[in-house]
Amino acid sequence: MKELKERILRDGKCFGGGILKVDNFINHLMDPILMRKMAKELVRRFSDHQINKVMTIEASGIAPAIMVGDYLNVPVLFAKKRTPSTMENMLVTEVFSFTKNQSYSVCVSGDYLTSNDRILFIDDFLANGNAAKGILDLVEQAGATLEGMGFLIEKGFQSGGEQLRRMGIHIESLAIIDNLDNCTITLR
Ligand code: 5GP
């Protein structure tokens, strides 16, 4: 998506270890106009799917996910990174965090993710695909159907995208970064 790519080149900053910082329009200060356009484009790319629920993981996936849910007119379920004592019928999985270099549990209530659901997963970044695989595990535990996964930014030099596409999952990314070496952003 041209507008996102231009914004990444203008405002994105590279950090060591292959991390791209976009906290002045996605991850901290958020640009709702761009966010809405990105959501609209993701919805267009999944228009041949029957989706009745959007899923994401807190916190950074929530903003794009809720805008996608608004366009699709479906509810948005975010997986929680803490396991609340009040949650009933809990489904849990483990996710390894690329940016924090540690594993954590994520959970959703089986009251809100059921075998009737046809899920579109939305997240800000696709790196090694660990968050995405965690969501896939929750979807499978619930007996729901995964329709596809949409990301704002995919880091093509990490293996998540290739692994998930090889599994036959419909993956869409609005911008793919081929390289962050020497702190230079190279887009596909
Ligand atoms: P994965 O699970 O695919 O390895 O990593 C995806 C998750 O890690 C995303 O939810 C995102 O929050 C975070 N992440 C991975 N790489 C980056 C990055 O380069 N920049 C930022 N801001 N977040 C990232």
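Above this text you will find the structure in question.
Residues numbered from 1 in each chain as written. Predicted model: local features only at pLDDT ≥ 70, side-chain atom pairs only at ≥ 80, totals over all residues. Heavy atoms only, no water.

Turning to the packing of aromatic side chains, a few remarks are in order. Tallied over the full model, the rule gives 1 aromatic pair. A centroid spacing of 5.9 Å and a plane angle of 75 degrees characterise the contact between F121 and F151, whose relative ring orientation is edge-to-face. Placement of the pair is F121 in strand β7 (residues 118-126) and F151 in strand β8 (residues 145-155), with a sequence separation of 30 residues. Note on accessibility: F121 and F151 belong to one class, buried. (Phe/Tyr/Trp six-rings, centres within 6.5 Å; stacked < 30°, edge-to-face > 60°. Helix = DSSP H or I, 4+ residues; strand = E, 2+ residues; numbered from the N terminus. Buried < 20%, exposed > 50% of the residue type's maximum accessible area, 1.4 Å probe, protein only.)

Turning our eyes to something else, we now look at the site of the ligand. The full set close to the ligand counts 17 residues, and L20, N128, G129, A131 and K155 are the nearest of them. The side chain of K155 places a nitrogen or oxygen atom 2.8 Å from an oxygen atom of the ligand. Here the ligand loses 87% of its free accessible area of 500 Å² to cover by the protein chains. Counting residues per element, the ones that place at least two in the shell around the ligand are β2 (19-21), β7 and α4 (130-142). No other element matches β7, which puts 4 residues into the shell around the ligand. Split into classes, the residues belonging to the shell around the ligand amount to 7 nonpolar, 7 polar and 3 charged. (Near = heavy atom within 4 Å. Polar contact = N/O pair within 3.5 Å; in protein donor to acceptor, adjacent residues only side chain to side chain. Areas by Shrake-Rupley, 256 points an atom, 1.4 Å probe, with all protein chains shown as cover. Nonpolar A, V, L, I, M, F, W, Y, C, P; charged D, E, K, R; others polar.)

In this structure, L4, I8, L20, M38 and I153 are the most contacted members of the largest nonpolar core, which totals 33 residues. Listed by contribution, the elements that provide at least two residues to this core are α1 (2-11), α2 (32-45), α3 (62-72), β7, β8 and β9 (171-179). Take this core: its biggest share by element is 6 residues, from α2. In contact with L20, other than residues within four places in its own chain, are I8, G12, K13, F125, I153, I177, L180 and I185. Listed in part, the 27 residues of the second largest apolar core include V108, A132, L146 and M149. (Core = buried A, V, L, I, M, F, W, Y, C linked by side-chain atoms within 4.5 Å. Contact = heavy atoms within 4.5 Å.)

This paragraph deals with the packing of α1 against α2. Direction vectors running N to C along α1 and α2 enclose 140 degrees, while the axes themselves pass 10 Å from each other. Considering their axes alone, α1 and α2 lie oblique with respect to each other. Residue-level contacts link E3, L4 and R7 of α1 to L34, K37 and M38 of α2. In terms of residue class, the contact of α1 with α2 is made up of 3 nonpolar, no polar and 3 charged. (Axes fitted to C-alpha atoms, helices over the stretch in contact; angles between N-to-C directions. Parallel < 35°, antiparallel > 145°, perpendicular 65-115°, else oblique.)

Okay, the pairing of β8 next. Counting buried positions along β8 gives 10 out of 11 residues, so the element sits mostly inside the fold. Across 8 bridges, β7 lies against β8 in parallel orientation. Residue pairing across strands places L126 opposite E154, the latter belonging to β8. Following the backbone out of β7, through α4 and into the adjacent parallel β8, one traces a crossover that is right-handed. As paired elements, β8 and β9 share 6 bridges and run parallel to each other. Each residue of the ladder has a partner; that of I153, found in β9, is A175. Handedness of the β-α-β unit built from β8, helix α5 (residues 160-166) and β9 comes out right-handed. (Pairing = 2+ DSSP bridges. Right-handed = clockwise from strand over helix to strand, strands pointing away.)

With that out of the way, let us pick up unusual backbone geometry. Cis rather than trans, the peptide bond between E58 and A59 has omega equal to 0 degrees. Structurally, the position occupied by A59 is in the loop between β3 (53-57) and α3. Unlike most non-glycine residues, N73 shows phi in positive territory, near 60 degrees. In this structure, N73 sits in the loop between α3 and β4 (76-79). Located in the positive-phi region is N89, a residue other than glycine, with phi close to 55 degrees. Summarising the element assignment, N89 is placed in the loop between β4 and β5 (90-97).

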